[in-house]
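Working through the structure, step by step
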Number of protein chains: 2
Amino acid sequence: MEGTKGTLSGRAEPPASPILADWAQKMKRSVLRQMLAVVARPGILSFAGGLPAPELFPTADYAQAAAHVLATDAKALQYGPPFQPLKEHIVHLMAQRGVQCSAEQVFLTTGAQQALDILTRLLLNPGGQMILEKMAYPGIQQVIAPFQPRVWTVPTDLDTGLDVEAVASLLEEGVRPAFLYVITEAHNPLGVSLSRPKRWRLLELAAEYGVPIVEDDAYGFLRYEVGHEPPLRALDDQWVFYVGSFSKILAPALRLGWLVAPESLVNKLTVIKEAEDLESSAFTQRTVAAYLDAGHLLDHLTCLRREYARRRDTMLCALEQFFPQGSRWTRPAAGMFIWVELPGVVDTAELLKVALEQEQVAFIPGYAFAVNGQAAANCLRLNFSNATPERIVDGLERLGNVVKREA
Amino acid sequence: MEGTKGTLSGRAEPPASPILADWAQKMKRSVLRQMLAVVARPGILSFAGGLPAPELFPTADYAQAAAHVLATDAKALQYGPPFQPLKEHIVHLMAQRGVQCSAEQVFLTTGAQQALDILTRLLLNPGGQMILEKMAYPGIQQVIAPFQPRVWTVPTDLDTGLDVEAVASLLEEGVRPAFLYVITEAHNPLGVSLSRPKRWRLLELAAEYGVPIVEDDAYGFLRYEVGHEPPLRALDDQWVFYVGSFSKILAPALRLGWLVAPESLVNKLTVIKEAEDLESSAFTQRTVAAYLDAGHLLDHLTCLRREYARRRDTMLCALEQFFPQGSRWTRPAAGMFIWVELPGVVDTAELLKVALEQEQVAFIPGYAFAVNGQAAANCLRLNFSNATPERIVDGLERLGNVVKREA
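The written sequence of each chain sets the order in which its residues are numbered from 1. Here chains are named by letter from A upward and ligands by number from 1 upward, in the order in which they appear as written. Residues qualify for local features only when their pLDDT is at least 70, as the model is predicted, and side-chain atom pairs are given and counted only at 80 or more; totals for whole chains, interfaces and linings, by contrast, use all residues. Only hydrogens and water are set aside; all other atoms, that is, all heavy atoms of the structure, feed into the side-chain values.

1. With respect to the overall build of chain A
Going along the chain from the N terminus, every DSSP run of H or I of four or more residues is numbered as a helix, and every run of E of two or more is numbered as a strand. Along its length, chain A carries 14 helices and 17 strands. Over its C-alpha atoms, taken along the principal directions, chain A stretches across nearly 70 × 55 × 45 Å. Long-range pairs, those at least 24 residues apart, make up 73% of the contacts in chain A with a sequence separation of at least 6. Only four residue types enter the charge count, namely Lys and Arg as positive and Asp and Glu as negative; His and the chain termini do not. Where a charge lies is defined by one atom per residue type, namely NZ (Lys), CZ (Arg), CG (Asp) and CD (Glu). The averaged location of the 45 negative side-chain charges in chain A is 3 Å from the averaged location of its 38 positive side-chain charges. In what follows, residue pairs with any heavy atoms lying within 4.5 Å of each other are defined as contacts.

2. Here's the deal with the pattern of salt bridges
A side chain of one charge can pair with a side chain of the opposite charge if their charged atoms are brought near each other. Salt-bridge detection follows one rule: a side-chain nitrogen of Lys or Arg within 4 Å of a carboxyl oxygen of Asp or Glu. In the structure shown here, the tally under the stated rule is 46 salt bridges over all chains. Among the salt bridges present, the one from Glu204 of chain A reaches Arg201 of chain A, with a minimum N-O distance of 2.7 Å. Residue Glu204 of chain A and its partner Arg201 of chain A are both found in helix 8 (residues 196-209); the two are separated by 3 residues, about one turn of the helix. In this structure Glu204 of chain A comes out as partly exposed when scored by relative accessible area, which is 46%. In this structure, Glu274 of chain A engages Arg29 of chain B in a salt bridge whose closest nitrogen and oxygen atoms are separated by 2.9 Å. Note on exposure labels: buried denotes an accessible area under 20% of the residue type's maximum, exposed denotes more than 50%, and partly exposed covers the range between, all computed with a 1.4 Å probe on protein chains only.

3. Remarks on the pairing of strand 6 (residues 150-154) of chain B
Regular strands have side chains that alternate between both faces of the sheet. Residue and element names in this part refer to chain B. When strand 5 (residues 129-133) meets strand 6, the two strands line up parallel, connected through 5 bridges. Looking at the pairing, Ile131 lines up with Trp152 of strand 6. In this fold, the crossover linking strand 5 to strand 6 by way of helix 6 (residues 138-144) has right-handed handedness. Note: two strands are recorded as paired if DSSP finds a minimum of 2 bridges between them. Seen with the strands pointing away from the viewer, any crossover whose path from the first strand over the helix to the second strand runs clockwise is right-handed.

4. Examining the confidence of the model for chain A
All names here are of chain A. Each residue gets a pLDDT score, which is the predictor's confidence in that residue and runs from 0 to 100. Within chain A, residue pLDDT values average 94, and 97% of them lie at 70 or more. When the criterion is pLDDT under 50, residues 1-9 qualifies, and its contacts beyond four places in sequence or with other chains add up to 14 contacts. This complex was scored by the predictor with a pTM of 0.95 and an ipTM of 0.95.

5. Quick notes on the packing of aromatic side chains
In summary, the pairing rule links any two rings of Phe, Tyr or Trp, Trp by its six-membered ring, whose centres are within 6.5 Å, and it sorts them by plane angle into stacked for under 30 degrees, edge-to-face for over 60 and tilted for everything else. Applying the stated criterion to the full structure yields 10 aromatic pairs over all chains. For the ring pair Tyr224 of chain A and Phe384 of chain A, a centre distance of 6.3 Å and an interplane angle of 70 degrees mean the geometry is edge-to-face. Highlighted residues: Tyr224 of chain A in the loop between strand 10 (213-216) and helix 9 (232-235) and Phe384 of chain A in the loop between strand 17 (379-383) and helix 14 (389-406), separated in sequence by 160 residues. Between Phe283 of chain A and Tyr62 of chain B the ring centres are 6.2 Å apart and the planes differ by 75 degrees, which places this aromatic pair in the edge-to-face class. Linking Phe283 of chain A in helix 11 (residues 282-293) with Tyr62 of chain B in helix 3 (residues 59-72), this pair reaches from one chain into another.

6. Focus: the environment of Gln34 of chain A
Residues and elements named next belong to chain A. Along the chain, Gln34 falls in helix 2 (residues 31-39). Judged by its relative accessible area of 40%, Gln34 is partly exposed. In this structure, the C-alpha to C-alpha distance between Gln34 and Ala368, residues 334 residues apart in sequence, is 9.6 Å.

7. Considerations on the pairing of strand 14 (residues 337-341) of chain B
Residue and element names in this part refer to chain B. Among the 5 residues that make up strand 14, 4 are buried, leaving the element largely enclosed by the rest of the structure. Relative to strand 14, strand 13 (residues 328-329) runs antiparallel, the two sharing 2 bridges. Following the sheet pairing, Arg328 is matched in strand 14 by Glu341. In this structure, strand 14 lies alongside strand 17 (residues 379-383), joined through 5 bridges in antiparallel fashion. Bridge pairing in strand 17 places Glu341 opposite Cys379.

8. Observations regarding the interface of chain B and chain A
Across the contact, 79 residues belong to chain B and 79 residues belong to chain A. Summed over both partners, the accessible area (1.4 Å probe) lost when two parts come together is defined as the buried area. Where chain B abuts chain A, roughly 6,900 Å² becomes buried across the two surfaces, and 58% of that area is made up of carbon and sulfur atoms. The interface formed by chain B and chain A contains 6 salt bridges. Of the charged contacts, one joins Arg121 of chain B and Glu276 of chain A as a salt bridge, the two residues approaching to 3.9 Å between their closest N and O atoms. Counting of polar contacts relies on pairs of N or O atoms within 3.5 Å, with two restrictions inside protein: one atom must be capable of donating a hydrogen and the other of accepting it, and residues adjacent in sequence are counted only when both atoms are side-chain atoms. On the surface where chain B and chain A come into contact, there are 34 residue pairs in polar contact (both at pLDDT 80 or more). Looking at the side of chain B that touches chain A, the elements that each hand over two or more residues are helix 1 (22-26), helix 3, helix 5 (111-123), helix 6, helix 8 (196-209), helix 10 (266-277) and helix 11 (282-293) of chain B. Looking at the side of chain B that touches chain A element by element, the count peaks at 9 residues for helix 10 of chain B.

9. A closer look at the relation of the copies chain B and chain A
Once turned by 180 degrees and shifted 0.0 Å along the axis, chain B lies on chain A with an RMSD of 0.0 Å. Between the two chains, the operation in question is that of a two-fold axis. Both copies contact each other with a shared surface, as 100% of the interface residues of chain B are interface residues in chain A too. For the least-squares superposition of copies, only C-alpha atoms count, and only for residues with pLDDT at least 70 in both.

10. Section: helix 11 of chain B
Taking 1.5 Å as the rise per residue, helix 11 of chain B with 12 residues should run 16 Å; its terminal C-alpha atoms sit 16 Å apart, in good agreement. Among the residues making up helix 11 of chain B, those that are buried are Ala282, Phe283, Thr284, Gln285, Arg286, Thr287, Val288, Ala289, Ala290, Tyr291 and Leu292 of chain B. In this fold, the buried residues of helix 11 of chain B make contact with helix 3 (59-72) of chain A together with helix 3, helix 4 (84-96), strand 4 (106-109) and helix 12 (297-322) of chain B. Near the N-terminus of helix 11 of chain B, the side chain that reaches the backbone nitrogen of Phe283 of chain B, with its oxygen 3.2 Å away, is that of Ser281 of chain B. Within two residues after helix 11 of chain B, Gly295 of chain B carries a phi angle of roughly 80 degrees, on the positive side. The span expected for a helix works out to 1.5 Å for each residue beyond the first.

11. Remarks on the packing of helix 13 (residues 348-359) of chain B against helix 14 (residues 389-406) of chain B
All names here are of chain B. Lines fitted to C-alpha atoms define the axes here, with helix axes fitted over just the stretch in contact, and angles between the N-to-C directions of these axes take values from 0 to 180 degrees. Two elements in contact, helix 13 and helix 14, have axes whose closest approach is 10 Å; the angle formed by their N-to-C orientations is 125 degrees. With respect to helix 14, the axis of helix 13 lies oblique. Note that helix 13 runs across helix 14; the crossing there is right-handed. Residue-level inspection shows Leu351, Val354, Ala355, Gln358 and Glu359 of helix 13 in contact with helix 14, the latter providing Arg398, Leu399, Val402, Val403, Arg405 and Glu406. Relative orientations are named as follows: roughly parallel for angles under 35 degrees, roughly antiparallel for angles over 145 degrees, roughly perpendicular for angles from 65 to 115 degrees, and oblique for any other angle. Left-handed is the label given to a crossing in which the near helix is rotated counterclockwise from the far helix by less than a right angle, and right-handed is the label when the rotation is clockwise.

12. Digging into the sheet that holds strand 14 (residues 337-341) of chain A
Note: strands within a sheet are paired through backbone hydrogen bonds, in either parallel or antiparallel orientation. A sheet is described by the order of its strands in space; here 4 strands give the open sequence 13-14-17-16 (chain A), paired in antiparallel fashion. Two strands bound the open sheet, and with one partner strand each, they are strand 13 (328-329) and strand 16 (364-365) of chain A.

13. Examining the side chain of Ser385 of chain B
All names here are of chain B. If you trace the backbone, Ser385 turns up in the loop between strand 17 and helix 14. With relative accessibility at 0%, the residue Ser385 sits in the buried group. A polar side-chain atom of Ser385 sits 3.0 Å from a polar atom in the side chain of Asn383. For Ser385, the residues in contact, after removing those within four places along its chain, are Leu51, Pro52, Ala53, Tyr308, Arg311 and Met336.

14. Some remarks on helix 8 of chain B
All names here are of chain B. With 14 residues, helix 8 should cover 20 Å at 1.5 Å per step; its first-to-last C-alpha distance of 20 Å lies within 8% of that length. Within the span of helix 8, buried status applies to Lys198, Arg199, Leu202, Leu203, Leu205, Ala206 and Tyr209. Buried residues of helix 8, viewed axially, fall in a sector of 160 degrees; they line one side. Gly210, located one to two residues past helix 8, shows a positive phi value of around 70 degrees. An arc is given here, and it is the one of the directions from the helix axis to the C-beta atoms.

This is the structure we're talking about:
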C-alpha cells in the first residue's frame, strides 16, 4: 500500500492499489481460524474446532422438513419478513431455559455471530471502551476490532467464572464499556459456568452503572448436570441482550440464531441487520419451524446431552490417565470444551507442531484466545463433542505422550 | 435515552436504559423497507418490491439438489470452508459475463448485501468520504450510514447512466471517496445501464485517482436486449470489486452472493466476514453447486429472460396507454425496474396513499431512494418482474387512473 508520495501536475500521485480503511490495514487473521484451517488436513485427529458431532445431526428429519417446505410453501424461496411461527417456537425454547419473553422480543439472526455483530454496531462507538476476560471467544474480539476500542481485561476463575469484582473495580474507576460480554454457561474456551452469586452481582453492576450485558448462550441447551443456574435474561429483562443459536442444537450450516432484546430496540436491530444481509433465509427459517413443528427437538436434545456427557466424561478420564502429574483442567457442566493447564514451562504453540507432526493430533493453544497479549503459554483448549469416545481415548493417549515428552 | 444528568455519591447517575452508539441513536429505518412492509398487505397489487416471480423459481430442481446433498454429503450440515466446486461454477458464470477470473478471486457472501457491507468495512473509514448518485439503492445508503461519511451527490442521465464527468469534477476538486458504487447494468431504482464510453471513462478515473469501484451486478444476468456492454470487471481487474448474486437468477432465500476481488485481499475479506457471520451456509453452498452440476441454469436463465422481457414490454405498453401525456419513463434493457417521472407538480408519496386506498395498487415513491434529501417528488419506481402480464395491465390501468385524477 503506497500513500501519497509526491505531486503530479498539481496533485498527489495516486496509490498503486486500493487504499484500505485504517483498521483494515492493521487487521490480523484470527489465530483460531487460521489454526482451524491448518488442522483440517485429512488424517488429523482434531480436538481443535468447536464442531458438533456430525453423526448426531438430525439429517433425515431435517431433509423431510426441507422437502415438505419446498413442496407446500410458495413463500419458501422468496424474500420475506421474519417468520412468525419460528419466533413463537423460540419463545417456547426460551421458556425451557427459564426465560419469559414474547415473540416481539425475539429477533432472528444469521447465526449467533451475526447477533454479536449487530449488538456491537448498536452499542459500541468507534474508539469506545470494552472490558473482556483475559481469555475470550475470538468471535467477540473480531466483532469489536473494526471499532478499535480501548480494552480492559479481567481474570476468570476456573470454578466460578468471570471475576465480577474485577469488573466492579473497573466500573468504580470510571471505565464505561459499551457492554459486558459474558458466556454464562460453558465458557468458550474455558468451559466454566458462572456461579449463581456472580450472576446476581453482575446484574446489580449492570443496573448500577447502566452497562448492558450481552449474554452468549450458544451452549445453554447442552447441559450435562442436573440443576442449573438461570441465564441472566431469566433474571433481568432490562439490561440483558440474550444470544441464542441453532448451530449447536441442530446444525451449524443452518446459520440461524436469535436475540432476545427489548422490543423498543427491534426496529434499530432491523436497520442494522438489513445493512448486513437484508434478512436471514426464509427457506431456512421455514424449514427449522417445520422441523420444530414435527416435535423432534426434545428427543434430539436428550440424545445430544447423553452422548456429549459420555464424551466429556471419557475425556476427563483420559486426561487423568494420560496427562502428566500437575496438569489441571476444568470440568465443564455444559458445552463442548475443556481447558487444560500444563505444569512447568511449556509453550503449547510449539507443542501443537510436535503433536501434529508426530501424532497427528490437534488442539488449540491457549494464546489463540488471549486478549491484549495475555500469556497462556502453558494452556490449551480441547473439544470433546466432535470425536467418538474411542477416538478421544486414542487421541488423548497420543497427546499425553507428546506432553510428557515435551513438557 | 437519558444521558448522565447528575451525581450520586460522587458519580454520575446511571442511564435508565442501554446507551446506544452515537450513530445508532440517530439512525432511521430505510423508507423503502418500511414501505415494503406497508404494501405487503393481502389484496394489494404491488409493483413496489424488487421481488422475482415466485412461479419461476426452480423449486423442484432445487428440492432435488437439496435432497441429494443431504442424502450423500456428510459435510452438508457442518461448519466448513468455502465450497471450492461452487467457486469454480462461479468462475464459469463470470465467463458468461465476459469476466475472466480465478476461483481464488471468488469470495462467497451471504447475499450481495453482505458483499457491500464487507467492502464498506474494508474501504471506508469513520467520517470518510463517499460519492453517490442522487437516487441510489437504499442498501448502499444503509451500509455506509454507521460510518457517518460525508456524501457528495452526482446526477444520473436516464439514457446513459451515472454522470461520470460530475464525478471527475469532484475528484479534481480533491474529493476522495472510499469507493465509487455503481450498478452498471439496470440501475436500481432508475433502470438505466451505463453507456460504453462512460464505463471506460470511469475506469480511467479510478486508476488516475486511485479510487476503487464497487460494481453491483445483481441484475447483469437478466438482460433482455441483444448485445451488451461488458461489466467493468471485464475491463479492469485492479480497481474493480465485482458483486454478484444468486437472488435474482435462482432465489432470494438462498442468501448467497459473491465477490470477485483481488486475491491479495481475500484474507482480509475473510476476517471481516468471520466477524459478521463466521461463514455462509455449507448446506446452501453445496445445494447450489449440486443444482449447477445438474446443468439446469442456462435453460432457467433463458426462461427468466423471456418472461421478464415480456413483462417489461407489457409494462412499457401499459405506461404508454394509461399514463398521462407528459409522463416520462426509462426503457430498461435489463433488470426489474422502470423509473417514471410524472408531469406537473405531484407528490408521489401522497399519490401512493391514494393508490393504496382507492385502487389497492402499490409502487415506491422516488424519495425513498433520494440521497441527502434530493427532491424526487414527481417520480416513482415500478417493478415489472413480480406480477404476471395480465396483472401488470390491470394494475397500470388502475394506477394510471389515480395519476390522472391526482396529478
